Amino acid sequence: MDRILGLLKEAGSQIVPFKWDGEDFFLLDQRLLPEKEEWICCKTWQDAAAGIKDMVVRGAPAIGITAAFAVVLAIRQYAKGKEAQESIAIAARKIEASRPTAINLIWAVRRMLKSLEGTSRENLYERSVSEALSIWEEDVRANIAMGLHGGKLIEEGTGVLTHCNAGALATGGYGTALGVIRGAIRLGKHIEVHADETRPWLQGARLTAWELIQDGIEVSLNVDMGAGVLLKASRIGAVVVGADRIAANGDVANKIGTYTLAVLCKENGVPFYVAAPSSTFDHHCSCGDEIPIEERPGEEVVKCRDRQVAAKGVRVFNPVFDVTPNELVTAIVTEQGVLRPPYDKSISTLPH
Ligand code: MRU
């Protein structure tokens, strides 16, 4: 973990959503930010999986890395017992099912299991820790690389708008979309950062604003529906978002509201960029229609924190992601470089 923190320090942002102290895995409780910084200790794979399901940790790459450590915890729980293999396989399937849209979750669990093939029972735990740390470190390196590739796309003196939180808190550190913003600043560009508040969980208002302010980056918050006004007034030179899953044809699943933003970008002639590591591409999904979209309880919409704000008895539509068709995506920034249309061709060049 020290090496990972060293990389992040060098790149200029030391915020991380989890810690591994050599024995236990800790999650920063993102539900409480920015009011409180509290860490939850995960002693079992069930603790880590519940952390994903209940949004203690969120953001596709961060969910993936948490899932990798959940596998580590499952191995610690079961490797010495009878029927170890079966118990670990059942735990892995349940971890994979903790949230449905982010492909990084399934990707990380499968990579963990593959890395353990042929490992003796005594070495399983040690091997799993080392693989989980590698997944984390590779994610941080990918984000820093994306920052430099994507930072070049951002014009000097422009406004950049982002949606949800695709930052350090949503990844192993540094962020994807916020990585591009951090990268542009690292390249010496003077940009004005705008964040959509992101109903209903307020990832933009609570998390994006918090982590940018922690890192000394000024940010202006707008209600989601304010994005159109900003774009029409030519105050935004680029929109940059993250992704939960990208299909083989370049259709992008991301936080609900992303599609609306992409349409607004087209209408106003503003580039719409997506930043995501190779682990977010699902080469088995031919298009966005095949991506499972999570629906969360209506309670998250009708209540603000614990207070009921909507009329009692109202029905709720609460899909938490939408799909942006590839024709609205100007470019996809990855750690391998910047992908351009036609995406079926450019995406097929990624390692998979
Ligand atoms: O519901 P969330 O908060 O997990 O949704 C997160 C997003 O939609 C992010 O934009 C996406 O996971 C990319 S994170 C680098």
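Analysis parameters
- Residues numbered from 1 in each chain as written.
- Predicted model: local features only at pLDDT ≥ 70, side-chain atom pairs only at ≥ 80, totals over all residues.
- Heavy atoms only, no water.
- Near = heavy atom within 4 Å.
- Polar contact = N/O pair within 3.5 Å; in protein donor to acceptor, adjacent residues only side chain to side chain.
- Helix = DSSP H or I, 4+ residues; strand = E, 2+ residues; numbered from the N terminus.
- Domains from an automatic or database assignment.
- Axes fitted to C-alpha atoms, helices over the stretch in contact; angles between N-to-C directions.
- Parallel < 35°, antiparallel > 145°, perpendicular 65-115°, else oblique.
- Contact = heavy atoms within 4.5 Å.
- Nonpolar A, V, L, I, M, F, W, Y, C, P; charged D, E, K, R; others polar.
- Buried area = accessible area lost by both parts, 1.4 Å probe.
- Salt bridge = Lys/Arg side-chain N within 4 Å of Asp/Glu carboxyl O.
- Buried < 20%, exposed > 50% of the residue type's maximum accessible area, 1.4 Å probe, protein only.

Colleague: Give me the site of the ligand: which residues, what numbers.
Modeller: Around the ligand lies a shell of 19 residues, among which Arg58, Arg99, Asp244, Asn254 and Lys255 are the nearest. Taking glycine 59, its main chain carries an N or O atom lying 3.0 Å from an oxygen atom of the ligand. One of the side-chain nitrogen or oxygen atoms of aspartate 244 is found 2.8 Å away from an oxygen atom of the ligand. At the level of elements, helix 3 (60-78) and strand 9 (252-255) are the ones that each hand at least two residues to the shell around the ligand. Per-domain counts for the shell around the ligand show at least three residues from each of domain 1 (2-143) and domain 2 (146-347).

Colleague: Could you give an account of unusual backbone geometry, naming the residues involved and the relevant values?
Modeller: A cis amide bond links leucine 33 to the next residue, proline 34, at an omega of 0°. Locating proline 34 in the fold gives a position in the loop between strand 2 (25-28) and strand 3 (39-42). Between arginine 199 and proline 200 the backbone carries a cis peptide bond, its omega angle lying at -5°. Summarising the element assignment, proline 200 is placed in the loop between strand 5 (192-196) and helix 8 (203-214). We note that tyrosine 174 has phi near 80°; this positive angle belongs to a residue other than glycine.

Colleague: Could you give an account of the packing of helix 1 (residues 2-11) against helix 6 (residues 124-151), naming the residues involved and the relevant values?
Modeller: Interaxial distance between helix 1 and helix 6 falls to 10 Å at its minimum, and their mutual angle equals 10°. In this view, helix 1 runs roughly parallel relative to helix 6, as classed from their interaxial angle. Packed against helix 1, whose contacting residues are Arg3, Ile4, Leu7, Leu8 and Ala11, the element helix 6 presents Leu133, Trp136, Glu137, Val140, Arg141 and Ile144 at the interface. The class makeup of the residues in the contact of helix 1 with helix 6 is 8 nonpolar, no polar and 3 charged.

Colleague: Report on the domain arrangement of the chain, specifying residues and quantitative values.
Modeller: Annotation of the chain at the domain level lists domain 1 (2-143) and domain 2 (146-347). Once you take the C-alpha centre of each, domain 1 and domain 2 turn out to be 24 Å apart. Of the residues lining the interface, 39 residues belong to domain 1; the matching set on domain 2 comes to 41 residues. Counting the surface lost from both domain 1 and domain 2, the interface buries some 3,200 Å², and carbon and sulfur atoms represent 55% of this. Contact with domain 2 buries surface across domain 1, with Ile15, Thr101 and Asn143 losing the most and accounting together for 24% of the total. A salt bridge links glutamate 294 to arginine 99, with the shortest nitrogen-to-oxygen separation between them at 2.8 Å. The interface formed by domain 1 and domain 2 contains 23 residue pairs in polar contact (both at pLDDT 80 or more). Looking at the side of domain 1 that touches domain 2, the elements that each hand over two or more residues are helix 1, helix 3, helix 5 (103-116) and helix 6. The biggest single contributor to the side of domain 1 that touches domain 2 is helix 6, with 5 residues.

Colleague: Please provide a residue-by-residue account of the pattern of salt bridges, values included.
Modeller: Taken as a whole, this structure holds 17 salt bridges when the rule is applied. For aspartate 24, the salt bridge identified is with lysine 43, shortest N-O distance 3.0 Å. Taken as a pair, aspartate 24 in the loop between strand 1 (18-20) and strand 2 and lysine 43 in the loop between strand 3 and helix 2 (45-53) lie far apart in primary sequence, 19 residues in all. Judged by its relative accessible area of 9%, aspartate 24 is buried. Judged by its relative accessible area of 47%, lysine 43 is partly exposed. Where glutamate 294 meets arginine 296, a salt bridge forms, and the shortest distance between an N and an O atom there is 2.9 Å.

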